[in-house]
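A look at the structure
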Amino acid sequence: MKKLLVLTTALTGVGFAAHADITVLSWGGAYETSQVEGYNKPFTAATSTNVIMTAADNPAAPIKAMVEAGNVTVDVADVEYADAIRLCDEGLLETIDASTLPAAPDGTAATDDFLPGALTDCAVASIVFSTVFAYDSSKIPEGPTKISDFFDLEKFPGKRGLRKGAKANLEMALMADGVAAADVYAMLETPEGIDRAFAKLDTIKAETVWWEAGAQPPQLLADGEVAMTTAYNGRIFAAATAEAKPFVTVWDGQVYEYDMFVIPKGAPNLEGAMEYVKFATSTPQLAEQAKWISYGPARKSSAPLIGLFNDGKTEMAPFMPTSEANLTNALPSSYEFWADRDSELNERFNAWLAAN
Amino acid sequence: MPLPSYATPLERLWRRSYLVICGLIFLFLIAPILIVIPLSFNAEPYFTFTAKMLSFDPTGYSMRWYDLLLTFGMTAPDAARDSSWWADVWNNATWVRAAKNSIIIGFFSTILATVLGTLAALGLSRAEMPYRKTIMAILISPMIVPVIITATGLFFFYSNPCGVIAWAGVEPACFRLTGKYLGVVLAHATLGIPFVIITVTATLIGFDQSLIRASASLGASPSTTFFKVIMPLILPGVVSGALFAFVTSWDEVVMVIFLGAPDQQTLPRQMWNGIREQISPAILSVATILVIISILLLATVELLRRRSERLRGVAPQ
Amino acid sequence: MADVTAQGMTTGDGRLTTTDGRPLKLALAHAQSRNRRRAFLLVAPLLLFIVVTFVLPIGQMLHEAVYNDEFSTHVPELKAWFDANPAAEPDEAAYAALVADFRVAAQERTIGKIGTRLNYDYPGVLSLVKSTGRAVKGMEPPFKDALIAEDERWADPQLWSVMREASSAYTASFMLAAVDLARDKDGAITRAPEERQVYVKLFIRTFVLSGLITLICLILGFPVAHLLATLPMRWSNVLMILVLLPFWTSLLVRTTSWMVLLQGQGVVNNSLVALGLLTDDGRLPMINNQIGTVVAMTHVLLPFMILPLYSVMRPIPPSYVRAARSLGATSWTAFRRVYLPQTLPGIGAGALLVFILAVGYYITPALVGGASGQLISNLIAFHMQDSLNWSLGAALSAILLVLVLVLYWLYDRIVGIDNLKLG
């Protein structure tokens, strides 16, 4: 009995140990590395608070599940713009007062320093990322250049990789079908537009490998499982630069948007979470993170601080989603559209996927 | 079984091809497990045998993925490898943390499953046990019911363990069990219990119940009888049951996905992340270590089984 | 136990009694019930544990399949109208109740929950509810006209039927949805629209693939079990390790191995290309599809087939087959008429066990199955973790659970749980 008592004490002791840590839920892979290097290590050095990283395919889903079940185990989450709006609308997030965010080094208030739309009631944007498509130039020497090429199985035979979800796929399908970027969302508001997008996806459905985690597409390309794949631009950049893979990004038809830090309601370490969000979205940290992956910082004052990739020779600018040359046929993702339509379009997408 | 002397040539041919077929099936069983071992020493970040590996060029092999297991997640992986480096490994390396979690959770869930399971098996093997079959069916069912269903149920239950009583009209709220070691331990114990029951009841077949009466009539207290008479006889069954329970926990990932927080990241959970994200040969080196552990566990269980059969006199013919 | 010894006496009327004078029959019954109590006390702690950590949670989850109050608790006025007006067409009062509820919900940020619940049964309504939630703030009566002017779907009797159904927390709509059924505007049960018919197909796929895996396991497991059963013990013990090692190896390790073996640049394809059996462009797609699921799961489950077969085959005396041969049967006839019938219990045990385990598999299909190799468990996980339609996930779980329990019951009838052996 005494032994048992000791064991139980040990057991509960383990459960309660190390509670000043904060847990950050993000997207894994190269993006996680950039956050660890850009935010977490300096944060731990400055505050001696440990940061535990954990990954999900899309952190918005577990956040919602956690808050609704009353089981919040993470303090900070990194989610897409539309999901941040949606979660905030549903009352699942703590509000973050933008005026408490640190000012830029030149004294500009945070509210003026962030890019337009980057601050909302519950979320602070950290980066601009983009969904693009990429191929392996050692396998396809005369590579695709247009989004329509991605859907052209005759000109470019081989498997395709696509994210398992409606978002960005529907937009890209319409752009590949000849719809101008500016008209995409107007078209998706109509049932015919959605049918048209699914019909376009139908043309490559049989040849598609579906990915879920952001780290999978570069792996699929490297393993030769697919000829080309959509991906988050930073992942392709990281594989191409850090691992010297012959991957080429096609910017035509890219869909770009903000990624946001949010704090779920009921976060175990709310104070630590607030501190982390303020620290991570400060000017030097956003710039530091951008040295590790090609995502544009959401603060104007961070932009001039970014120079070279951490290898010390690669210029980052051409790889940023927002650089001029990459924006010729680009679509800013509509958070209004996805905040309202995400569930129903994903439901339709999954039914479409399950029907062989 | 050698062929009888009256076998026809056709039968001899059949016999030979039959052995070849069996050999291929054994290969199918074992090759996938062994293939990860050489590949985990790959010097390149690929999953196939490189030309250098095939020609047994030593430069084609390396320990880099095993090294990565130690350094991944460390705060200062490049520091000098002195005692503070090892402390860093011990405290921060992702895979080391996962291994520690696996051991802690496995240990406690095994103890729980073994104690409760052994007692129950003793009761179940008594002829007087009422509703024996039904109760046995309930106790074995965690092994049969798909884990995803159990995990889903526990997810709701753990969110508010007192919520079950809400059916009676009150709505109390109490501590939750998700994201806690205790929650994962209880869940894993539940999954391990059927294995303990099955192995211990198997040992108790042929257990002479009159030994208990003999011991009692000689003046032994029930606890003396248990530790001096019953335990030595069923010990091999209990230990192998415990090993089964441990392996169940050691290998379990669905419960950890549904119920565990990042603090409870176990080895399989970490592998699950790794496989879906970046299947670098580091995963293969973890796999190799796990294969070696399972070989050791298997050897232990086999030895115990033979010992138990010898003790109980049900020696294999 | 000492009071039931043989030192009994015989009373005058010839009945047996114990030394203390009680009738022997009574004393025996007493001792018996005490033994029963003792046996039960040994089992009780575990039974309690299993009830608390297994039976109750599953019961709670099943409850979730028919209970969802996300809509009803957030629209009190509309619910009151539905209760007061059973089977009535929505009038101005109904629309006014809706507007009042939506105003509160928009303020308390519960509008998303209302919309999400309705969207399960009326696809597309979530965005309508959200936009209406923003519009009701400045809305003037008459509310019926105002809402219909906002969006004419508010006049759709189907939507009102869905809202009426959702206004009671106990509902069958998730169970119906789990078998691709729905209610039409009159409340009658019909097939769900074609583009939403998913689950029956997936249940069928799960059963077909599990059956296929069971069959392959039987075909591969039978000869191996037979060999092990007929070899001398010394040899079969050695070969048995080859069966038990996979059994003891982590599921994730084995699944990883299959990823390594089967992928496009994997060991199998590379070997076939190196041998000249395949061209470099003609590599076989063996992963992220049904082939991946079937191959990896067959490997994982094969030991569960071999072990029961072996334990049935081992005690079959070889003399039976020899006798049949000596009576003139060919080896095929001797096998078919004499040996095979004796192995049937093993085939039954192995096949049922493999099938039961296969039906509920999650990890392996999730990792190697791609889109076409997903089983029903993967969809349950999807609804629990991604779409967060917990009630539908619970409803699918309930159906799967019933199917598994039927198989389990069959297993108990045919094989007996007592005969479940490990290694």
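Residues numbered from 1 in each chain as written. Chains lettered and ligands numbered in written order. Predicted model: local features only at pLDDT ≥ 70, side-chain atom pairs only at ≥ 80, totals over all residues.

The next subject is the overall build of chain B. In terms of regular secondary structure, chain B is built from 13 helices and zero strands. For chain B, the α and β elements follow one another from N to C terminus as α-α-α-α-α-α-α-α-α-α-α-α-α. On C-alpha atoms alone, chain B measures out to a radius of gyration of 25 Å, which is more than a quarter above the 20 Å that the 2.2 N^0.38 rule sets for 317 residues. In terms of overall dimensions, chain B has a C-alpha envelope of 80 × 70 × 40 Å along the principal axes. Here chain B, with 317 residues, has 47% of them falling under the buried criterion. (Helix = DSSP H or I, 4+ residues; strand = E, 2+ residues; numbered from the N terminus. Rg over C-alpha atoms; globule rule 2.2 N^0.38 Å. Buried ≥ 20, exposed ≤ 12 C-beta atoms within 10 Å, placed from the backbone.)

Counting its secondary structure elements, chain A contains 14 helices and 10 strands. Across its three principal axes, chain A shows a C-alpha extent of roughly 70 × 55 × 40 Å. Sorting the 356 residues of chain A into buried and exposed places 55% on the buried side.

Along the chain, Leu 39 of chain B turns up in helix H1 (residues 9-39). Judged by C-beta crowding, with 23 C-beta atoms within 10 Å, Leu 39 of chain B ranks as buried. Separated by 118 residues in the primary sequence, Leu 39 of chain B and Phe 157 of chain B have C-alpha atoms spaced 43 Å apart. What Leu 39 of chain B contacts, discounting residues up to four positions off in sequence, is Phe 47, Pro 281 and Leu 284 of chain B together with Val 260 of chain C. (Contact = placed C-beta atoms within 7 Å.)

Looking now at the packing of helix H7 (residues 169-176) of chain A against helix H9 (residues 191-205) of chain A. All names here are of chain A. Following both chains from N to C, one finds H7 and H9 inclined at 85°, their axes separated by 8 Å at the closest point. In terms of axis orientation, H7 runs roughly perpendicular to H9. Note on element contacts: H9 touches H7 through Arg 196, Ala 197, Lys 200 and Leu 201, opposite Asn 169, Leu 170, Ala 173, Leu 174 and Ala 176. Residue classes in the contact of H7 with H9 are distributed as six nonpolar, one polar and two charged. (Axes fitted to C-alpha atoms, helices over the stretch in contact; angles between N-to-C directions. Parallel < 35°, antiparallel > 145°, perpendicular 65-115°, else oblique. Nonpolar A, V, L, I, M, F, W, Y, C, P; charged D, E, K, R; others polar.)

Taken residue by residue, the interface counts 26 residues in chain C and 23 residues in chain A. Elements supplying a minimum of two residues to the side of chain C that touches chain A: helix H4 (111-121), helix H5 (125-135) and helix H9 (199-230) of chain C. With four residues, the single largest contributor to the side of chain C that touches chain A is H4 of chain C. Each residue belonging to the side of chain C that touches chain A can be placed in one class, and the counts come to six nonpolar, 13 polar and seven charged.

In this section: the interface of chain C and chain B. Taken together, the contact pairs 78 residues of chain C with 80 residues of chain B. In terms of residue count, helix H1 (residues 24-66) of chain C provides more of the side of chain C that touches chain B than any other element does, 20 residues in total. When its residues are assigned to classes, the side of chain C that touches chain B shows 53 nonpolar, 19 polar and six charged.

Take the packing of helix H7 (residues 147-159) of chain B against H1 of chain C next. In contact at an axis separation of 8 Å, H7 of chain B and H1 of chain C are set at 85° when each is read in the N-to-C sense. Here H7 of chain B is positioned roughly perpendicular relative to H1 of chain C, judged by the angle of their axes. Mapping the contact onto sequence places Ile 149, Thr 150, Thr 152, Gly 153, Leu 154, Phe 156 and Phe 157 of chain B in H7 of chain B and Phe 54, Leu 56, Pro 57, Ile 58, Gln 60, Met 61 and Glu 64 of chain C in H1 of chain C.

A word on the confidence of the model for chain B. Residue and element names in this part refer to chain B. In this model, chain B carries an average pLDDT of 86, and 92% of its residues clear a pLDDT of 70 or more. Looking over chain B, one finds the lowest element-wise mean pLDDT in helix H2 (residues 51-54), namely 83, and the highest in helix H5 (residues 94-124), namely 95. This complex was scored by the predictor with a pTM of 0.89 and an ipTM of 0.89. (pLDDT = per-residue confidence, 0-100.)

The next point concerns the nonpolar core. Core analysis: the biggest nonpolar cluster contains 171 residues, and Leu 259 of chain B together with Leu 301 and Val 354 of chain C have the highest contact counts within it. Once residues within four sequence positions are removed from consideration, Leu 301 of chain C is found in contact with Ile 213, Cys 217, Val 354, Leu 357 and Ala 358 of chain C. (Core = buried A, V, L, I, M, F, W, Y, C linked by C-beta atoms within 7 Å.)

The omega angle of the peptide bond from Pro 141 of chain C to Pro 142 of chain C is 0°, so this bond is cis rather than trans. Position of Pro 142 of chain C relative to the elements: it lies in the loop between H5 and helix H6 (143-150). Residues other than glycine seldom take positive phi values, yet Ala 168 of chain A does so here, at roughly 70°. If you trace the backbone, Ala 168 of chain A turns up in the loop between strand E5 (160-163) and H7. Positioned with a positive phi, Asn 288 of chain C is a non-glycine residue whose angle comes to about 60°. The class for Asn 288 of chain C is buried, based on 27 C-beta atoms found within 10 Å.

Let's shift gears to the pairing of strand E4 (residues 123-136) of chain A. Residues and elements named next belong to chain A. Among the 14 residues in E4, 14 count as buried, and that is most of the element. Sheet analysis places E4 next to strand E8 (residues 247-262), joined by 12 bridges and oriented antiparallel. Counted as the bridge partner of Ala 125 is Met 260 from E8. Pairing geometry for E4 and strand E9 (residues 296-297), over two bridges, is antiparallel. Following the sheet pairing, Val 128 is matched in E9 by Gly 296. In terms of strand pairing, E4 meets strand E7 (residues 228-232) through five bridges, oriented antiparallel. (Pairing = 2+ DSSP bridges.)

Take the environment of Ala 43 of chain B next. Residues and elements named next belong to chain B. Looking at where Ala 43 falls in the secondary structure, it is placed in the loop between H1 and H2. Separated by 15 residues in sequence, Ala 43 and Pro 58 place their C-alpha atoms 9.5 Å apart. Look past the residues within four positions of Ala 43 in its chain and what remains in contact with it is Thr 59, Gly 60, Tyr 61, Ser 62 and Arg 64.

By the criterion of burial, H4 of chain C is predominantly enclosed, with 11 of the 11 residues buried. Within H4 of chain C the residues assigned to the buried category are Ile 111, Gly 112, Lys 113, Ile 114, Gly 115, Thr 116, Arg 117, Leu 118, Asn 119, Tyr 120 and Asp 121 of chain C.

Before going further, it helps to examine the confidence of the model for chain A. Here chain A shows a mean pLDDT of 88. Residues at 70 or above account for 94%. Per-residue pLDDT stays below 50 along residues 1-19 of chain A; that stretch engages in nine contacts with residues further than four places along the chain or on separate chains.

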